[in-house]
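An overview of the molecular structure
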Amino acid sequence: MIRNTIVAAFLLIINVQIKGQETILKKREFGGIYEEYYVLKKDKKVKSGSYVKYAQNIFGHIIIFEKGYYSNNQKEGYWKKFGNNQLQEVRSYSKGMLNGDYYYYYIDTSGVNTSNQFIDYKGTKNDSLIFTMNDEQLLIREHGKYKNDRRSGIWNFYHANGDVYYTYDFSNDSLIFNDNVSLIENRELPCYKGGGKNGLLMELFPYLYSNMSNDSVNFNCSFLISSNGKLESLTVNSSLNSKKYNKRIPKMVKLRFDWLCNKNQEGCSNYEAVISIVKGEEHITTNIELKNN
């Protein structure tokens, strides 16, 4: 079982000097979202030092969104993104470009505790924010590496029990392993590079489910797969009587990976992907169908 344990306490906003250059703390607030970061005292347009983005809910609790580090206005080192105070992904940067390890975690397997005196944007309260993570249940969903902002080498995708169910080589654009063996031996349909059918469902499910009401819901979306493996012509059908939500769905259905065309390299332009999520009162049914038009 693949688990990742983080035991850490970060003083996110501290008064520091970067490589002998004096820095000062900057605070920004927009729509209830706060940013704190350091800039060079001699050039306030240059970020240099720790960075954090967060909000405060109605109960006074801190909700952290992102944490990282800047060097000469460029992202550097590990950057962490959070959703509902849960660690979602870790990216590694070098000189502002994605380079090195990338981790994506299953939701509901990590938690963050924050402790602070809330920072008044216009006031002079304590300018420190401490958060700790101590969770042995943090489960990796996918892991790979970036090189100069592009996925590189072997990427593994994991079941919640830690078993690998899909392996893809992005350097050679080749599928190495899928726990559905027949998909490799007789691949006549396009395959989603981000983990196959299971990966596609996990890609979409958290965003769609979190926006569905408690009532019974039928959701269906379809899109064409272009000859270069890109998603095109997205259409959505939903039983939700909400124009606002239905307009948002196409924005939510944004896949982070492309599609691998069939083994004969005939392209994907004649294939349509249909994704269905049905939320009933007692259970949820999901299905993905690839069909040749």
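Residues numbered from 1 in each chain as written. Predicted model: local features only at pLDDT ≥ 70, side-chain atom pairs only at ≥ 80, totals over all residues. Heavy atoms only, no water.

**A few points about the side chain of serine 92**
The following threshold applies: In this description a helix means any DSSP run of H or I spanning at least four residues, a strand means any run of E spanning at least two, and both kinds are numbered starting from the N terminus. Three exposure classes are used, based on accessible area relative to the maximum for each residue type with a 1.4 Å probe and protein chains only: buried under 20%, partly exposed in between, and exposed over 50%. Should any heavy atoms of two residues lie within 4.5 Å, those residues are counted as being in contact.
When you line up the elements, serine 92 lands in strand 9 (residues 86-94). Looking at serine 92, the relative accessible area reads 12%, which means it is buried. When sequence neighbours within four positions are dropped, the list of residues in contact with serine 92 reads Gly77, Tyr78, Met97, Leu98, Asn99, Gly100 and Asp101.

**Regarding the nonpolar core**
One recurring pattern in soluble globular proteins: nonpolar side chains tend to sit buried together. This is how it is decided: We call a set of buried residues a nonpolar core when its members are Ala, Val, Leu, Ile, Met, Phe, Trp, Tyr or Cys and they connect through side-chain atoms within 4.5 Å of each other.
Formed by 36 residues in total, the largest nonpolar core has its most connected members in Trp155, Tyr166, Leu200, Phe223, Leu255, Trp259 and Ile275. At four residues, helix 2 (residues 196-210) tops the list of elements feeding residues into this core. With 12 residues, the next largest nonpolar core counts Tyr54, Ile64, Tyr105 and Tyr158 among its residues.

**So, the pairing of strand 5 (residues 43-56)**
Two faces belong to every sheet, and in a regular strand the side chains alternate between them. Short version of the rule: Strands pair, by our definition, only if DSSP identifies at least two bridges between them.
Direction of pairing for strand 4 (residues 33-40) relative to strand 5: antiparallel, over a ladder of seven bridges. Opposite isoleucine 33, over in strand 5, you have alanine 55 as the bridge partner. Between strand 4 and strand 5, which pair antiparallel one after the other, the connecting turn spans two residues.

**Describing the packing of aromatic side chains**
To keep things clear, this is the line we draw: For Phe, Tyr and Trp, where Trp contributes only its six-membered ring, two rings pair if their centres lie within 6.5 Å, and the inter-plane angle classes them as stacked under 30 degrees, edge-to-face over 60, or tilted in between.
Summed over the entire model, instances satisfying the criterion amount to 19 aromatic pairs. Their ring planes at 35° and their centres at 5.4 Å tell us that tyrosine 51 and tryptophan 79 sit as a pair that is tilted. In this pair, tyrosine 51 sits in strand 5 while tryptophan 79 sits in strand 8 (residues 77-83), placing the two residues 28 residues apart along the sequence. Residue tyrosine 51 is classed as buried on the basis of its relative accessible area of 4%.

**With respect to the pattern of salt bridges**
Note the cut-off: In the sections that follow, a salt bridge refers to a side-chain nitrogen of Lys or Arg positioned within 4 Å of a carboxyl oxygen of Asp or Glu.
For the structure on display, the rule yields nine salt bridges. Linking glutamate 22 and lysine 41 is a salt bridge whose minimum nitrogen-to-oxygen distance equals 3.6 Å. Pair noted here: glutamate 22 is in strand 3 (residues 21-30) and lysine 41 is in the loop between strand 4 and strand 5, with a separation of 19 residues, a long-range link. For glutamate 22, a relative accessible area of 41% corresponds to the partly exposed category.

**Here's the deal with unusual backbone geometry**
One non-glycine residue with positive phi stands out, namely lysine 95, at about 55°. Structurally, lysine 95 can be placed in the loop between strand 9 and strand 10 (97-105). At aspartate 149, a position not held by glycine, the phi torsion is positive, near 70°. Relative to the assigned elements, aspartate 149 resides in the loop between strand 13 (140-147) and strand 14 (150-158). On the basis of relative accessible area, aspartate 149 is assigned to the partly exposed category, the value being 41%.

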